[in-house]
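Residues per chain, in single letters:
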Amino acid sequence: MSAPAPTPVPVQPVTGLPAGTAGYPWWNDTVFYEVFVRSFYDSDGDGIGDLNGLIAKLDYLNDEDPNTTTDLGVTGLWLMPIHPAASYHGYDVIDYYQVNPEYGTLDDFKHLLTEAHQRGMRVLMDWVPNHTSDQHPWFVTAQDPNSDYHDWYVWSPRVSGSGWYAGASGDYYYAHFDLHMPDLNYANPAVTEQMRDVARYWLEDVGVDGFRIDAIRYLIEDGGFTEHTDPTHAWLRAFRPFYKTLNPEALMLGEIWDSSGLVADYTAGGDELDLGFNFDLARAILWAAAYRRDTLFRETLTKDLAVFPPGQFATFITNHDQDRVMSVLGDDVARAKVAAALLFASPGVPFVYYGEEIGLLGKKPDPSIRAPMPWTADANGGFTVASSPWIGLNPDYPARNVAAQTDDPNSLLSFYRDLIRLRNEHAALRVGDTFVPETGNLSVTAVLRVTQDEVVLAVVNLGKDPVSDYGLALAESPLQGDYQAAPLLGPGPFARLAAEASGAFAKYQPLPTLPPYGTFILQLQPTR
Ligand code: CA
């Protein structure tokens, strides 16, 4: 028995949304926002966030008018799983074809797609192929060894290592993450065929713009090996042409929670995933802000430039599986701004985790890093009119909420808006070649982004003290001659930069003194 060859389907125009800048894919022009629907906004008063609630708050994210500065300006959404599931988080799916009734209906989801696309926003959905819920009808049926579904899961008569749990028949099933999340058996072609149909349904029938693929490194076990196996890579190489036939523009973004070299194994060849999340750079950004030293950030970014195809990785600071940025940074707005500046000055495709932009706090256990979004100082932060939301808001919501920050030009929310607007307006920040100048001071970091038409330089003082003994230097760069520096973020005036014919420059100080935690983004314009 072998998997049927995928049936070619006609390529349809997808969203009418713009293609990417300068030959890059559209995702390099996108700033994504990760949403936990359950915690974003409750439209019907049952205490649970829902799709209509997200639609109601789209103007907060992107109001469709590029000239306004009162929206966040993000241009893409990643929705954590929206299917019926056994757990609140949704990563144990019970039905891959349905929308969780707590979140709404399929029509609500289609309405969300329409409203998002109208604003120029693409929508990714979370796809969880590694495992199902133990309540999924496939697994319930699979308990019978004579059922057709038995071989949809991984069984053994004996326990051989961790991750094995007793099924009803006495055999053991494999479940990498949790006994309630049994792994699907991709050695069975029927499983691949079924999950291809799931992909076909959402990409072709419903029209999502891509998948964030959960836990892909664990997809197929091979002997004693459970991650990064050759069969997993082979499966992706066979899956990609099918997926891209459904929609050649659709993004394949994988969660490979590992070092950059192992992430690039899935993307650099161009025949598996389009992007993987860059966990190394995320940690480096966080550490730069936490420890006020640029060493790890510089090393990591430099290494990533060599490992990944240009711009082809997804950047973030923390996500729904990690302590929130603001908690790691000790509730220090200045340091949260530093982290944000490094995120948006870096190459790649940036993702913001909902609430990050207002400095929402949250430390594990998991539900605490997925708490409801506080919109106002009203009861339950205006998240719901119900007296008790599905989980309590952070107790500081009367002070820390969207309304409290929206009109304050110095708030973290305003800073995120400024950075995202700059990213949207300046191709150099999105797709420019990246150079990491020496700064001559451990607490200063700089990123130079260059296209044919534009040069943008970000300079950040990571430290709590003013810095005067610094100077930016590159031995090689595409710059040549004299540049005047126009401010994009942070007040000037800035000194001119002089580059040699070779592109080298040294001892460049845009300002004589960088104030504590100061972020400056400047556009270098040739004076000749
Ligand atoms: Ca609701």
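Nothing here was measured: the structure is a model prediction, and the numbers come from that model. (Residues numbered from 1 in each chain as written. Predicted model: local features only at pLDDT ≥ 70, side-chain atom pairs only at ≥ 80, totals over all residues. Heavy atoms only, no water.)

Asks: Could you give an account of the packing of aromatic side chains, naming the residues involved and the relevant values?
Replies: Applying the stated criterion to the full structure yields 42 aromatic pairs. Judged by centre distance (6.4 Å) and plane angle (85°), the rings of Y41 and W375 are edge-to-face. Of the two residues, Y41 sits in the loop between β1 (32–35) and α1 (51–56) while W375 sits in the loop between β11 (349–353) and α12 (402–406), which places them 334 residues apart along the sequence. Between F139 and W155, the ring centres sit 6.1 Å apart and the planes meet at 0°, which makes this aromatic pair stacked. In this pair, F139 sits in helix α4 (residues 137–142) while W155 sits in strand β4 (residues 155–156), placing the two residues 16 residues apart along the sequence. The class of W155 is buried, set by a relative accessible area of 17%. Taken together through their ring pairs, the aromatic side chains of W26, W27, F32, W78, W257, F277, F279, F316 and F351 make up a single cluster. For the cation-ring pair, K57 lies above W375, with the distance from its terminal atom to the ring centre recorded as 4.3 Å. (Phe/Tyr/Trp six-rings, centres within 6.5 Å; stacked < 30°, edge-to-face > 60°. Helix = DSSP H or I, 4+ residues; strand = E, 2+ residues; numbered from the N terminus. Buried < 20%, exposed > 50% of the residue type's maximum accessible area, 1.4 Å probe, protein only. Lys NZ or Arg CZ within 6 Å of the ring centre and 35° of its normal.)

Asks: Tell me about the pairing of strand β7 (residues 210–213), and name the residues and values.
Replies: The side-chain alternation of β7 yields two buried faces, one formed by G210 and R212 and the other by F211 and I213. The pairing of strand β3 (residues 122–127) with β7 spans three bridges and is classified as parallel. Bridging from a neighbouring strand, D126 pairs with R212 of β7. Here four bridges tie β7 to strand β8 (residues 251–254), and the two strands are oriented parallel to one another. Paired with G210 across the two strands is L251, which belongs to β8. Handedness of the crossover is the feature at issue here: the chain leaves β7, passes through helix α6 (residues 230–246), returns alongside β8, and the resulting connection is right-handed. (Pairing = 2+ DSSP bridges. Right-handed = clockwise from strand over helix to strand, strands pointing away.)

Asks: How would you sum up the environment of T114? Please name residues and give values.
Replies: Within the secondary structure, T114 is located in helix α3 (residues 106–118). On the basis of relative accessible area, T114 is assigned to the partly exposed category, the value being 47%. For T114 and I256, which are 142 residues apart along the polypeptide, the C-alpha to C-alpha distance reads 30 Å.

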